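Descriptive structure summary
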Amino acid sequence: MLGKTAGGLYWMARNLERSENTARMIETGQRIALTRAGDTTDEWGSILRAAAVGPGFAAKHGEPTRDAVIDWMLRDKDNPSSVLRAVEGARSNARVVRTAITEDVWEAVNSCWMRLCDALARKVSERDLPRVLDLIRHRSALVRGAMHGTMLRNECYDFARIGTFMERADNTARIIDVKYYVLLPSAMAVGSRLDNVQWETILRSVSGEGGYRMSYGHQVRPREIVKFLVHDRQMPRSLSFCCGKVRDNLNYLATDYGARHPCHDQIEALCQRFASQDVDAIFDYGLHEYIQETLSALGGLSRQIEVDYRFYE
Amino acid sequence: MPEPAAESPPTRLCSATQAAQNGPMGSYFDEMWDDGESLRAPYREFGAWFEGEDPARLRAKQREADDLFRLMGITFNVYGRAEAEERLIPFDIIPRIISAREWQKLCRGIEQRVRAINAFLHDIYHRQEIVRAGRVPEAMIARNEAFLPKMIGVNPPGGVYTHIVGIDLVRTGPDEFYVLEDNARTPSGVSYMLENRETMLQMFPELFSQTRVRPVSGYPRHLQRSLAACAPPATTGPPCVAVLTPGIYNSAYFEHAFLADKMGVELVEGHDLRVVDGRVAMRTTQGYRPIDVLYRRVDDEFIDPLNFNPESALGVPGIMDVYRAGGITLANAPGTGIADDKAIYSYMPDIVEFYTGEKAILQNVPTWRCSEPEALAYVLDHLPELVVKEVHGSGGYGMLIGPAATKKDLREFERKLRARPGNYIAQPTLSLSTVPIFSRAGLAPRHVDLRPFVLVSPEGMEITPGGLTRVALKKGSLVVNSSQGGGTKDTWVLEE
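A look at the pairing of strand β5 (residues 91-98) of chain B
All names here are of chain B. The buried count for β5 comes to eight of eight residues, which makes it a mostly enclosed element. Going residue by residue along β5, you find Phe91, Ile93, Pro95 and Ile97 tucked away on one face and Asp92, Ile94, Arg96 and Ile98 tucked away on the opposite face as well. Pairing geometry for β5 and strand β25 (residues 486-493), over five bridges, is parallel. Directly across from Phe91, in β25, lies its bridge partner Thr488.

Regarding the domain arrangement of chain B
Residues and elements named next belong to chain B. By the assigned domains, chain B splits into domain 1 (106-163 + 214-356) and domain 2 (366-428). On a C-alpha basis, the centres of domain 1 and domain 2 stand 31 Å from each other. Here domain 1 is connected to domain 2 by zero salt bridges. Applying the counting criterion to the domain 1 and domain 2 interface returns three residue pairs in polar contact (both at pLDDT 80 or more). Taken together, the residues that form the side of domain 1 that touches domain 2 break down as three nonpolar, two polar and three charged.

Concerning the sheet that holds strand β12 (residues 287-290) of chain B
Residue and element names in this part refer to chain B. One open sheet holds the three strands; their spatial order is β10-β11-β12, and the pairing between them is antiparallel. Each edge of the open sheet carries a strand with a single partner, namely β10 (273-276) and β12. This sheet shows a mean twist of 45 degrees between the axes of neighbouring strands, independent of strand direction. Inspection of the sheet shows β10 paired to strand β11 (residues 279-284) by four bridges, in the antiparallel sense. Its bridge partner lying in β11, Val276 is registered against Arg279.

Examining the interface of chain A and chain B
Opposite the 27 residues of chain A that make contact, chain B presents 28 residues. Interface area for chain A against chain B, summed over the two sides, is near 2400 Å², with a carbon-plus-sulfur share of 48%. Summed over the three residues of chain A that lose the most area to chain B, namely A:Leu2, A:Arg95 and A:Thr99, the buried surface amounts to 29% of that side. Applying the counting rule to chain A against chain B returns five salt bridges. A salt bridge links B:Glu269 to A:Lys4, with the nearest nitrogen and oxygen atoms 3.4 Å apart. Counting residues per element, the ones that place at least two in the side of chain A that touches chain B are α1 (3-34), α5 (83-96), α6 (103-119) and α8 (155-181) of chain A.

Regarding the packing of aromatic side chains
Counted according to the given criterion, the structure contains 26 aromatic pairs over all chains. For the ring pair A:Tyr10 and A:Trp11, a centre distance of 5.3 Å and an interplane angle of 90 degrees mean the geometry is edge-to-face. Relative accessible area serves as the criterion here: at 0%, A:Tyr10 is assigned to the buried category. A:Trp11 sits in the partly exposed class, given a relative accessible area of 22%. For the cation-ring pair, B:Lys61 lies above B:Phe204, with the distance from its terminal atom to the ring centre recorded as 5.8 Å. A cation over an aromatic ring shows up here: B:Arg369 above the ring of B:Tyr347, its NZ or CZ 3.7 Å from the ring centre.

The rules behind each value
- The numbering scheme is per chain: residues are counted from 1 as the chain's sequence reads.
- The lettering of chains begins at A and the numbering of ligands begins at 1, in the order of writing.
- Residues qualify for local features only when their pLDDT is at least 70, as the model is predicted, and side-chain atom pairs are given and counted only at 80 or more; totals for whole chains, interfaces and linings, by contrast, use all residues.
- By convention in this description, side-chain values take in all heavy atoms of the structure and omit both hydrogens and water.
- Note on exposure labels: buried denotes an accessible area under 20% of the residue type's maximum, exposed denotes more than 50%, and partly exposed covers the range between, all computed with a 1.4 Å probe on protein chains only.
- Secondary structure elements are defined from DSSP: runs of H or I of at least 4 residues count as helices, runs of E of at least 2 residues count as strands, and each element is numbered from the N terminus.
- Pairing between two strands is assigned when DSSP locates at least 2 bridges connecting them.
- The domain boundaries here were taken from an automatic or database domain assignment.
- When a carboxyl oxygen of Asp or Glu is within 4 Å of a side-chain nitrogen of Lys or Arg, the pair counts as a salt bridge.
- Nitrogen and oxygen atoms within 3.5 Å of one another constitute a polar contact, given that in protein one can donate a hydrogen and the other can accept it, and given that sequence-neighbouring residues count only through two side-chain atoms.
- In this classification, the charged set is Asp, Glu, Lys and Arg, the nonpolar set is Ala, Val, Leu, Ile, Met, Phe, Trp, Tyr, Cys and Pro, and all remaining amino acids, among them Gly, are polar.
- Only the stretch in contact is used when a helix axis is fitted, and all axes are lines through C-alpha atoms; the angle between N-to-C directions ranges over 0 to 180 degrees.
- The contact criterion used is simple: two residues touch if any of their non-hydrogen atoms lie within 4.5 Å.
- By definition, the buried area sums, over both parts, the 1.4 Å-probe accessible area that each loses when the two are put together.
- Each Phe, Tyr or Trp ring, with Trp reduced to its six-membered ring, pairs with another whose centre is within 6.5 Å; inter-plane angles below 30 degrees give stacked pairs, above 60 give edge-to-face pairs, and intermediate values give tilted ones.
- Either the NZ atom of lysine or the CZ atom of arginine qualifies as a charge over a ring when it sits within 6 Å of the ring centre and within 35 degrees of the ring normal.

Next up, the structure:
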């Protein structure tokens, strides 16, 4: 298979996953804003920082306001992570790899793009926001379903899966980091009701409340939430789960091709980290620092995969 | 008045006034209705079915077809408009139907013509017997922009120059077909032929169980086989075929991806390829792998920045040298453009006769070469009746349709003709046949043309029964190009 095709599949899947996760980030911000304690929390600024799209926004709009941030993250063509840009990116990559995906997958991607172009053609009002965010999630679920149901389990599928889980790991890490950026009124508020509400919101935004309850009961404890989102082997959005999937798929490629590359060593090391550090060690080290290091390791791995499988010249 | 360069003038030319007034189309040959009343034989079964259909249901079907096309992404990009703007080519649900007998005759003519084109190409890149015999002037070859000196003496694998040909035909009467243009470089539109049929099969399955229509779906398989049959000497093992596209912003990208997908081969761009150990190889996830046959949809000029346009980012540096050394087959071969050049077109009857020893079965449209002073004088005198085309133009751009032109257009063309006469040819305005479209007001006749697709390999020639019917959707219009508001129809060739 062409290196370019492998890259196209990888980025098609990453972009789709990103569109969904950007929608989740917006939902997180909206919920935190709706449940805040009244005074001056800067939840929208935190969302921008966690999504790493702050500087671009600041250059264009200055101070973050609810409407401007939501528009920036949903529709702005200057924001490479906006839902619209991500969906366009997914579709144009799908066009490039048209011969490597099934007709079902292509049509799912194409209709996702058509529907979202319509839905995002103009500013989304606060009242319409939940419906639009749902639509984004549903459309990306349809594509995932088409991929799952119709693609051969071969190298094409492997590259798409690697893209999906790389992006999801990246986004879960960023969503956890939102909590770092959302300021509490004072240090005294750690462990307060507000603190807990924010943690719960993080859970909700990764569709993790139910799963968390089953594993840890009704009590919201930050350490257990982090454990759930970083280490849980059953939670399909946890860092450990996502990296495990990336490792599996990279290993399938190694078996098929009969060759291992530096990216295989990197993913092993990353998975080892999750296995060897428990959540107390993470909090002792500093959750934010830990997340930042994970993000940078993921970025390095992505670049290594591009080189090892010759996505570009 | 000088004679136009063709054996006989067409019998049913429309007068300038008729075409200009956009009026009733009774003076044209309609392929569905004899004298506007009784159905012609090929349309009888279809006509009976149509009578029994509820127009409201058909209108819903028409919309369904548009949605299907959009969902499948069968779109084309329009040059000169916002980047990545994609449009649908309008599809009309009324099929264009050709009888078995009509088709047989066409096939004989097409085969003869394509055989002559390949012989002509071989000759002009070798001994140039046709020039020596005085049948085509030397200047027409040597000074032609489409003539590629780098091809002199080159023997393409299997002896095939044009692997894929599209012959544009128009009809003016029951038995009168004219070749309007030969597409010997990179004919496009075959994906529409295939998807139009797919769409009709999905929407009106009952039609196909009652009428015996010859299938077109074998095309991708035949294409793959015929390309593989032209593998170069350097091939080891089963031939590796790939399609070369300029990329997703090309107007025909959908078709490139479609054909690669249906053939089950890789779709590559210039930056996926490089020359490795004397072969053209593609960058795979496991390193470079050689390609044997490249169905390239990139023009000659852009295919090799080392040998041709150095600015090109679409091609592969050095591919021409590999080609000449027998390391790869290019389909179609470089330099085939000379055979579909509009100036050469006027010599086609001679070319056919010269190489096949037979009279041409398909007629040429009479053509005045404006490079000849007498012809130019005639053309200038009769501009409002004629169609004037640029010699190297395509896609319906840069042409004048006299009867439909404004005074200003005519003056402008007169100026252009005087300034560069050699750049133009002129033809009478043909009364193209009509086939009805399904319009809001019911059936309405519109002008059509036909592009059948021909595959050539050392094993023989394969003409897909059908082709692309393009239809001018505007009432009275004679321009069928998709870039100029034309649409398409499914084309049926009936079983005997």
